[in-house]
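# Per-entry structural report
Okay, here's what each chain looks like letter by letter:
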Amino acid sequence: MAEARRRVRAWLLALACGSIPCTVWGAAPAPLTLEAAVGLAMENSYRIRELKLGVRRSRLYLKARQAQLKSSVSMDLVVPQFEGVSDYKWNSNLRRNEIVRQNTRLWEMGLSVSQPLVLFGTPTDGYLSLNSRINRYDQAEGDDDISSYYNRHYLQFEQPLFRPNELRNDLEEAELSLEREDLEFLEDQVELIDDVADQFYDVLAVAQQEEVLAADVEVLEDLLTAARDRADRDSLRHMETVQVQIELENAKEALRANQRDQRVESDRLRQRIGMEEGQPIDVEASTRLTPLEVDLDEALGYGLSLRPAMRLHDISIREQEIDVENTKGDGGPHVDLEMTYGLEKQDEGLRQLWDQYDNSYSVGVRVSLPVWDWGRRQAEVEAERLGLRETELRKTETQESIAQEIVNAVTDLLEFQRRTLSMRENSARARQMMRVSAEQYRQGRLSLQDALRAASTQKETDLAFLDAYLGYRRAVLNLAVVTHFDFETGAPLLDRLTPDPG
């Protein structure tokens, strides 16, 4: 299972980076990959720890409920019970009550083997039990002690009728609770990875901005060299050198400011994933892009069928239905049927207790019929039904919200994809224009203002392309999160996410 979770993290990080080969290098000799960073975040997340404990707790509850359907053995002992008290007793000879002092001692042992009744795989809420009881009862009368022994072995059948099936409902609620914990655990894994990937993109953004700003510094340094050469040949062009120096210092300051931002974003990512303070983070990434074709109807189908939120609402609705059923049964008419059949023996001698048993049996039917409760039960049932209706409305609201999220995610993805492809071509054109402009400026066929304008255009175009590309990568990840389907690999997320085994 640990290997499965390792593959899950690897896939999700690949989703987060797309075609970007992401590497985070630590101070230690072995590099820290983004996969390992997310692994650290998983291990250090208090929310993930809480959910793991919740999953394990729910599994134990389910195990306990399942154990209720199996045979159980119980023993009870009275070792002993002494009573030396006075109480009113009816004297049939005197035909009146009189105060009688009792002095009794009771030793008793009972053993019971109970089995819930299951019909066609469903518990009936009834029990069949095999019971055995034996006791010794001593009474003191004056100076004499009178002892008697009693022994009974019997089969007992108990079955409630016309009331909620507690065994079945308890088992189903335990199963629903475990499923809820599993789904919440899966949801929080996706949310955590989305959060870590989002912070990773912040580091990636400033890292790539540094490359763009460093390239701008190099372009201006080349222009400064060319300006000095022209100033050496023509002293009237000395101001061009000063103007390029000003632009170059501004570019260097922008680069230093970006480096400060990179340290801040790296510290945030380091804190988020639980890395040691001061450990450096370097991110290297390319900007390759493979266009995606996403069908909106298909995305809506994935989101509404794969998102745990929809199943969580179904679980809440079923739990509410069970509450309605239990409330209707509470205080309503019901019947309890109990039957026993067995053997019993009473004797003053212990040895004679095991011979010549007498048959024993009992049949009891208890009927409870509510007559008047001032509308309490009806009001409680109606309140539970309104709660069920609220839950159904929340499901409908969530369904509409998810659909809108998917529509927005698909729109964003296609828009960022279009912008990225367009800006990639513009960026290539801007670099080509800058090379031509620099060469023409060296040859004296282009003014300095035009050369500086070309350098600024290249920088702004590269930054715009970077912004579009990062928006595209975030849009790909967001679409996977809102649909729980990876359109780059064509596989559902939940096939790769595995609940904690406990």
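See the structure printed just above.
Below is a short write-up of the structure.

The next thing to look at is the overall build of the protein. Helix and strand counts for the protein come out as nine helices and eight strands. Taken over 502 residues, the protein has a buried fraction of 40%. Summarising the internal contacts of the protein: among those between residues at least 6 apart in sequence, 77% fall at separations of at least 24. Accessible area for the protein stands at about 28400 Å²; split by element, carbon and sulfur atoms hold 50% of it.

As a further point, take helix α8 (residues 376–442). Here α8 spans 95 Å end to end across 67 residues, near enough to the 99 Å set by a 1.5 Å rise per residue. Positioned one or two residues after α8, G444 has a phi angle of 80°, which is positive.

So, on to the sheet that holds strand β1 (residues 72–91). An order of β1-β2-β3-β4-β5-β6 is seen for the six strands of this open sheet, with the pairing classed as antiparallel. The sheet terminates laterally at β1 and β6 (358–368), the two strands that pair on one side only. With direction set aside, neighbouring strand axes in the sheet form an average angle of 20°. Sheet analysis places strand β3 (residues 122–141) next to strand β4 (residues 144–161), joined by 15 bridges and oriented antiparallel. Bridge assignment links L130 to a residue of β4, and that residue is L155.

Turning to the pairing of strand β5 (residues 334–347), a few remarks are in order. Alignment of β4 against β5, held across 13 bridges, turns out to be antiparallel. The partner of L155 across the bridge, within β5, is Y341. Strand direction decides the pairing type here: β5 and β6, joined by 11 bridges, are antiparallel. By the bridge assignment for β6, M339 is matched with V363.

Our next topic: a nonpolar patch on the surface. A cluster of nonpolar side chains, namely V73, M75, L77, V79, F82, W107, M109, L111, V113, L128, L130 and L155, defines an oily patch on the protein surface of about 1100 Å² accessible area. Elements with a minimum of two residues in the nonpolar patch: β1, β2 (96–119) and β3. Locating V79 in the fold gives a position in strand β1. Relative accessible area serves as the criterion here: at 61%, V79 is assigned to the exposed category.

Here A428 lies in helix α8. Along the primary structure A428 and Q458 are separated by 30 residues, whereas in three dimensions their C-alpha atoms are 8.8 Å apart.

Take the packing of aromatic side chains next. Under the defined criterion, the tally for this structure stands at seven aromatic pairs. Look at F465 and Y469: their rings are 6.4 Å apart centre to centre, the planes differ by 35°, and that puts the pair in the tilted class. Of this pair, F465 and Y469 are both found in helix α9 (residues 448–483), four residues apart, which corresponds to roughly one turn of the helix. In terms of burial, F465 and Y469 fall into one category: buried. Ring centres of F485 and F487 lie 5.1 Å apart, and the angle between their planes is 70°; this geometry places the pair in the edge-to-face category. Looking at F485, the relative accessible area reads 6%, which means it is buried. Within the aromatic cluster, the residues linked to one another by ring pairs are Y302, F485 and F487. Seen from the ring of W107, R136 lies directly overhead, with NZ or CZ sitting 5.6 Å from the centre.

The full count for this structure, using the stated rule, is 30 salt bridges. For E108, the salt bridge identified is with R133, shortest N-O distance 3.3 Å. One end of the pair, E108, is in strand β2; the other, R133, is in strand β3, with 25 residues separating them in the sequence. Between R311 and E179 there is a salt bridge, and its shortest N-O distance comes to 2.7 Å. Taken together, the positions of R311 in helix α7 (residues 308–329) and E179 in helix α4 (residues 166–233) put the pair 132 residues apart, joining distant regions of the chain.

Criteria and thresholds
- Residues numbered from 1 in each chain as written.
- Predicted model: local features only at pLDDT ≥ 70, side-chain atom pairs only at ≥ 80, totals over all residues.
- Heavy atoms only, no water.
- Helix = DSSP H or I, 4+ residues; strand = E, 2+ residues; numbered from the N terminus.
- Buried < 20%, exposed > 50% of the residue type's maximum accessible area, 1.4 Å probe, protein only.
- Contact = heavy atoms within 4.5 Å.
- Areas by Shrake-Rupley, 256 points an atom, 1.4 Å probe, with all protein chains shown as cover.
- Expected span 1.5 Å × (residues − 1).
- Pairing = 2+ DSSP bridges.
- Axes fitted to C-alpha atoms, helices over the stretch in contact; angles between N-to-C directions.
- Patch = residues over 30% accessible without salt bridge, like charges linked within 9 Å, V, L, I, M, F, W, Y side chains within 5 Å.
- Salt bridge = Lys/Arg side-chain N within 4 Å of Asp/Glu carboxyl O.
- Phe/Tyr/Trp six-rings, centres within 6.5 Å; stacked < 30°, edge-to-face > 60°.
- Lys NZ or Arg CZ within 6 Å of the ring centre and 35° of its normal.

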